[in-house]
Structures are given as C-alpha cells and as structure tokens.
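In case you want the letters, here they are:
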Amino acid sequence: MHGAGNDYVYVDARGQERDWPALSVAMSDRHLGVGSDGLILALPSEKADLRMRMFNADGSEGEMCGNGIRCLVSFAFDNGIVAAEKSQVLVETMAGVLDVTPLRDDGQGMVGARVLMGEPRLNPPDVPVAIEGMDAVIDEPLKVAGHSFRMTCVSMGNPHAVVFMDEPVDEFPLTEIGPIVEHHPLFPARVNFEIANVLDGGRTIRTRVWERGSGITMACGTGACAVQVAARLNGLAGDRATIALPGGDLTVEWPGEGEVVLEGPVATVFDGEWVE
Ligand SMILES: N[C@H](CCC[C@H](N)C(=O)O)C(=O)O
C-alpha cells in the first residue's frame, strides 16, 4: 500500500514473533524483495482499536508514520482486524494513541483519511537545538558540504529538520546532502530532513524529503506536518497548507496550538502471501 507514493508492506502480525527489523530490510529491497520504504505491522492493543509498529528500509523503528497510519486503518478494515464500518479508529503508536477518521468514496471504499497527529514537540529531546523563543532553530547555521542551513526542528514523535530555501527543491542535491544531515552529530537519534519552497503566500509548500532510515521517499506524512508547523512558526504560512510532494499532495492544519491535522490519500497496490 502507499500514501502519496510512500509505500510500505503491511503485515497482520497478530500472534507472530519475527525478526521484524531484518524482515523490513529483506522486504524493502526493490530488487531482491517486495520493494518498499519499509514494513508496517498491525498488532493488538490494550488501549486502542489496534497498534502500529513501523520499520524503515534499514530496519530501524520509527516512532510514527503519517502516511502509514492511514493505510494501516484501510488494511485493518480489509483484513477484518477492525470493523469496516467504524467512522473513527484509534491507533496506538510510539507517538501516542492517535485518532483516524476514514474518508470513503460513494462505494464505501476507503480513499483517504484525516489524522489527529498529536501536538508538535517544539523543543524536542530528540532534536537538541539552540532555542530562539518558541522557534526551535539552530542558532548557528549548520554547515554541511559548503551549504549553510538555518533549520527549524520539530518532532512529531519522530525528529524532523526543516530548511526553507529559495533554490527550487528539485535542483537541490538531496541525495548527497540528505545522509550527511541525517547522521549529523547534532541529532542523537538521527533525523528526517525536509527541504521546502514556500509558494502562493504559504498556501502551498513544495517539499522533498530525505527520510531517516529510508532515504528519499515520494512523500512523508510526519514530514509534511513538520513543514507546515515550521512554516507557521517562521511566519511563512497560515493555519493550513497543501504540502506538494513528489508523490502527491498532503494537507496539514495547525493553528499554532493543539493537535496537527493531516489529511491524505490511501491506495492498495496488491496483496500477497510471504512464503518462508
Ligand atoms: N522515516 C521516519 C518514519 C516514517 C515517516 C514517514 N514515512 C511518514 O509518513 O511520516 C522516521 O524514521 O522517523
């Protein structure tokens, strides 16, 4: 399944004990495996309708996945894990229990979802940055390979570093710079790195992402949230923005306080059986 091109393999892991990190690496390989940005598990929960665990393509576990949580609810409906007629589904994640509202087409199929993503963490322990007022920025420009960035760091349960730039993001050497930022010593848990062009007075923000543990992805849900929050903190956007990613558009709302709301598509590509 994929959310705006951010594709994962989804597994009903109820009652299964496996080496999930190793399985994520094997399944994510686009030549020797299924091919994906990682692996997402549906698991039972004591305090929600179900629990999500997500693993990046390198086997590392992410605290939250905004595109993944939408697809997981659709997967849970299709596989009888959660009653398909529910109009609200609670999902336990490492970033808290989050509220997912399925969006259905007239045929009742799920085509997307609206997710309450929790509050942004602006002085996140996983992104220790010099603090300038509310705005969590790195006071000293971060010098990377001849570039000097002013980053706004936001955690959505997982760490993000956002750089707004005038240079068109499509021309930025993200493949070269992305891994240097991801592994920069400033980020003890590594970091997801977003580059963004603010367009249309902040109503649209063109964004590309180098994801922690997966590299360049077509979209990143938590990254889209971090971009809108960072833009609003920097006075570059209002309460709502369309985040235009290579794989599609995601909509993010954050009025400066409270939960971030993410809305985006869901798609199933194919089903399969994993044969040992
Ligand atoms: N790579 C991320 C996890 C996946 C996030 C992204 N795919 C999303 O949709 O939020 C991390 O290690 O924090």
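Keep in mind that this is a model prediction, so the values were computed, not measured.

**Q** What is the right way to look at the packing of aromatic side chains in this model?
**A** Any pair of aromatic rings gets described here by the distance separating the centres and the angle formed by the planes. Applying the stated rule across the entire model yields 1 aromatic pair. Geometrically, the ring pair formed by tyrosine 10 and phenylalanine 75 is tilted, given 6.2 Å between the ring centres and 35° between the ring planes. Here tyrosine 10, found in strand β3 (residues 9-12), pairs with phenylalanine 75, found in helix α2 (residues 66-78); they are 65 residues apart in sequence, far enough to count as distant. Across the pair, phenylalanine 75 and tyrosine 10 agree in class, each one buried.

**Q** Is there a simple way to think about the side chain of serine 36 in this case?
**A** Assignment of secondary structure puts serine 36 in the loop between α1 (20-28) and β4 (38-43). Residue classification places serine 36 among the buried residues on the basis of a relative accessible area of 4%. In this structure the side chain of serine 36 is engaged in a polar contact, spanning 2.8 Å, whose partner is the backbone oxygen of glycine 38. Look past the residues within four positions of serine 36 in its chain and what remains in contact with it is Asp7, Tyr8, Val9, Met27, Ser28, Arg30 and Ala57.

**Q** I tried to follow the nonpolar core on my own but got confused; where do I start?
**A** Core analysis: the biggest nonpolar cluster contains 55 residues, and Leu50, Leu72 and Val91 have the highest contact counts within it. Among the domains, domain 1 (2-118) and domain 2 (124-258) are the pair contributing at least three residues each to this core. With residues up to four places along the chain from it excluded, the contact list for leucine 50 reads Ala42, Leu43, Ser45, Leu72, Ala76, Ile81, Val82, Val89, Leu90, Val91 and Glu92. Within the second largest apolar cluster, 17 residues are counted, among which are Phe149, Met151, Cys153 and Val191.

**Q** I keep staring at the side chain of arginine 208 and nothing clicks. Help me out?
**A** In this structure, arginine 208 sits in strand β17 (residues 204-211). For the buried arginine 208, which has no salt bridge, the nearest side chain bearing the opposite charge is aspartate 170, at an N-O separation of 4.7 Å. Within the local environment of arginine 208, its side chain forms a polar contact with the backbone oxygen of valine 169, the two atoms lying 2.8 Å apart. The residues touching arginine 208, leaving out its near neighbours within four places in the chain, are Val169, Asp170, Phe172, Leu174, Phe193, Glu194, Ile195, Ile216 and Pro246.

**Q** Just checking my understanding: could you explain the domain arrangement of the protein for this structure?
**A** The accessible area lost on association of the parts is a frequent measure of interface size. When its domains are assigned, the protein resolves into domain 1 (2-118) and domain 2 (124-258). A C-alpha centroid distance of 23 Å is found between domain 1 and domain 2. Facing 22 residues of domain 1, the contacting portion of domain 2 comprises 21 residues. Between domain 1 and domain 2 the total buried area reaches about 1400 Å² when both faces are included, carbon and sulfur atoms providing 44% of it. The largest share of the area that domain 1 buries against domain 2 comes from Ala4, Glu63 and Met117, three residues that together contribute 33% of it.

Cut-off values and rules
- Residues numbered from 1 in each chain as written.
- Predicted model: local features only at pLDDT ≥ 70, side-chain atom pairs only at ≥ 80, totals over all residues.
- Heavy atoms only, no water.
- Phe/Tyr/Trp six-rings, centres within 6.5 Å; stacked < 30°, edge-to-face > 60°.
- Helix = DSSP H or I, 4+ residues; strand = E, 2+ residues; numbered from the N terminus.
- Buried < 20%, exposed > 50% of the residue type's maximum accessible area, 1.4 Å probe, protein only.
- Polar contact = N/O pair within 3.5 Å; in protein donor to acceptor, adjacent residues only side chain to side chain.
- Contact = heavy atoms within 4.5 Å.
- Core = buried A, V, L, I, M, F, W, Y, C linked by side-chain atoms within 4.5 Å.
- Domains from an automatic or database assignment.
- Lys, Arg positive; Asp, Glu negative; His and termini not counted.
- Salt bridge = Lys/Arg side-chain N within 4 Å of Asp/Glu carboxyl O.
- Buried area = accessible area lost by both parts, 1.4 Å probe.

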